[in-house]
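# Coordinate inspection notes
Okay, here's what each chain looks like letter by letter:
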Amino acid sequence: MFFAVALPAAVAQPGSPQLPQAGQQAQQARPAQPIEADRVAAVVNDEVITLHELRARLATVERQLRKQGTPLPPQAVLEQQLLERMIIDRVQIQFAKETGMRIGDGEVDAALRRIADGNRMPLPDFKSAIERDGIAWAKFREDIRDEMTVARLREREVDTRVVISEGEIDNYLASAEAQGGGGAQMLHLAHIIVRVPEQATQQQLAKSGARAEQALQQLRAGEDFAKVAAAYSDAPDALSGGAMGARPADRLPGLYADAAKNLNPGEVSGVLRSPAGFHIIKLLARQGSVAAMPALKQTRARHILVKVNELVSEAEARRKLVGLKERLDNGADFAELARLNSNDLSAAKGGDLGWLYQGDTVPDFERAMDALKIGEISQPVQSPFGFHLIQVLERRTEEASPERRRMVARAALRERKSDEAYQDWIRQMRDRAYVEYRLEDK
């Protein structure tokens, strides 16, 4: 909807015989300018995505694509694709809120510091750089919070529910031995996913299949893969050209690993079909084998855990650990404070967790632990179990035992299955949401 707003005419002195003419001249000198009111682009359950939000995100994405050197798809196509991604993000954020998941300000601050460090900039300089790009710092901060929420939601709802059987582990290890222990090849892939609804009709399947074929035709006509991914892919990584990074073949979805066997670097597969939808992959590069069972890093750590429950809120748990951290910084004994305050069985051992292998702890805990120097004590770290103070005591590496080999195999199989499970979960969440598009009303 548009409103024509006329600027006020010049005000004449009372009694002036020229008032009507002066008003007309002022209106002619300053013609009315149409101002577009903010409109609703889509309704997602009980919330809306406004056209202003969509255009702001579109401007950010276009800047990112230009920086990456990715050719831009037509604006209308990119706008529609971006709206669908915003809908999926909004559905996940809504679900997280409904189920009590929240990323605290301290965690967001820590993440921003890590991002600034990754860009080799002090946080104030990083903030200035973001604002020079035309992005409000408060908005950037909330976007990071949302990204962290979605990542933690995936860990809780998908990754922890993937089941790996002992038979699958046996087959994995037998396959590794058949390859002479050389491990799997390292593959750099990019992909496009055209998602289909969970209980798709034949018409919906045909429409999605035709869309995937259209993307494939553009690729075979020489169009840039990243541009086509930005225009067609429903995957979360679409705006980074669909690049999946380098992964061992045995940690890729089976559909991708099998298709990549027949590709040379630079080649594109045909349209592949899975329960989640239609896929196209491109092999960017193929490297030599990676060790199937490398020497494994171990960390000896201890912690103080304060659980969140009906009696202890997140804010109270964090506040308690901030106080304990201050005492530790002033020379208090970690083991003694753990015995008195930690809410788990390790309390009796002064919080000592023993030697931990990679993958033994939840991702949030492991990331924080790996970032610590020996002897350093973390800030409060949130995990699905509550809030922790973590201290690293020692580190070492050792060759994998038979039990550890099975754990590594389980982790590889879990990573392979997790991608497929996440796509299925996203599809289910999207299908259950009430979505009403309003862009067509422009």
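Just so it is clear, the structure is predicted and the values come from calculations on it, not from any experiment. (Residues numbered from 1 in each chain as written. Predicted model: local features only at pLDDT ≥ 70, side-chain atom pairs only at ≥ 80, totals over all residues. Heavy atoms only, no water.)

## Observations regarding the overall build of the protein chain
Scanning the protein chain from terminus to terminus reveals 14 helices and 13 strands. Look at the contacts in the protein chain between residues 6 or more apart in sequence, and 73% of them connect residues 24 or more apart. Accessible surface, the protein chain as shown: approximately 23,700 Å² in total, 52% of it carbon and sulfur. (Helix = DSSP H or I, 4+ residues; strand = E, 2+ residues; numbered from the N terminus. Contact = heavy atoms within 4.5 Å. Areas by Shrake-Rupley, 256 points an atom, 1.4 Å probe, with all protein chains shown as cover.)

## Brief notes about the pairing of strand 5 (residues 185-195)
Most of strand 5 sits inside the fold, with nine of its 11 residues counted as buried. Relative to strand 6 (residues 243-248), strand 5 runs antiparallel, the two sharing five bridges. Bridge pairing in strand 6 places M186 opposite P248. (Buried < 20%, exposed > 50% of the residue type's maximum accessible area, 1.4 Å probe, protein only. Pairing = 2+ DSSP bridges.)

## Structural notes on the environment of E166
Along the chain, the position of E166 falls in helix 7 (residues 166-178). On the accessibility criterion, E166 (42% relative accessible area) is partly exposed. For the pair E166 and R410, spaced 244 residues apart in sequence, the C-alpha to C-alpha distance is 8.7 Å. Those residues in contact with E166, other than ones at most four positions away along the chain, are R406 and R410. A distance of 2.7 Å separates polar atoms of two side chains, one belonging to E166 and the other to R406. (Polar contact = N/O pair within 3.5 Å; in protein donor to acceptor, adjacent residues only side chain to side chain.)

## A look at the packing of aromatic side chains
Inspection of every chain in the model, using the stated rule, returns five aromatic pairs. Each ring, one from F95 and one from W425, has its centre 6.2 Å from the other, and the planes form 70 degrees; the classification is edge-to-face. Placement of F95 in helix 3 (residues 75-98) and of W425 in helix 14 (residues 402-432) is noted, with a sequence separation of 330 residues between them. A cation over an aromatic ring shows up here: R154 above the ring of Y422, its NZ or CZ 4.4 Å from the ring centre. The ring of W355 has R396 lying over it, and the distance from NZ or CZ to the ring centre is 3.9 Å. (Phe/Tyr/Trp six-rings, centres within 6.5 Å; stacked < 30°, edge-to-face > 60°. Lys NZ or Arg CZ within 6 Å of the ring centre and 35° of its normal.)

## Some details on the pattern of salt bridges
Scanning the model with the defined rule gives 34 salt bridges in all. Its salt-bridge partner being K67, residue D133 comes within 2.9 Å of it at the nearest N-O pair. Placement of D133 in the loop between helix 5 (123-132) and helix 6 (137-157) and of K67 in helix 2 (residues 51-68) is noted, with a sequence separation of 66 residues between them. Given the relative accessible area of 30%, D133 is considered partly exposed. Judged by relative accessible area, K67 falls into the exposed class, the value being 63%. Across the salt bridge formed by E157 and R161, the nearest N and O atoms sit 3.4 Å from each other. (Salt bridge = Lys/Arg side-chain N within 4 Å of Asp/Glu carboxyl O.)

## Focus: unusual backbone geometry
The residue N45 is not glycine, and still its phi comes out positive at about 55 degrees. The topology assignment puts N45 in the loop between strand 3 (40-44) and strand 4 (47-50). N45 sits in the partly exposed class, given a relative accessible area of 32%. With a phi close to 55 degrees, R120 is a non-glycine residue in the positive phi region. Among the secondary structure elements, R120 is positioned in the loop between helix 4 (105-118) and helix 5.

## Describing helix 9 (residues 225-232)
In terms of burial, helix 9 is largely enclosed, as eight of its eight residues are buried. Along helix 9, the residues that are buried comprise F225, A226, K227, V228, A229, A230, A231 and Y232. For helix 9, the N-terminal cap is D224; the gap from its side-chain oxygen to the backbone nitrogen of A226 is 3.0 Å.

## A closer look at helix 8 (residues 202-220)
For helix 8, which comprises 19 residues, the first-to-last C-alpha distance of 26 Å matches the rise-based estimate of 27 Å (1.5 Å per residue) to within 8%. Inspection of helix 8 places S208, G209, A212, A215, L216 and L219 among the buried residues, and these make up the whole buried set. Projected onto a plane normal to the axis of helix 8, the buried residues spread over an arc of 115 degrees and lie on a single side. Away from its buried face by more than 90 degrees, helix 8 exposes Q202, Q203, K207 and Q217. (Expected span 1.5 Å × (residues − 1). Arc of directions from axis to C-beta.)

Take it as geometry only, folks, not as evidence of what the structure does.
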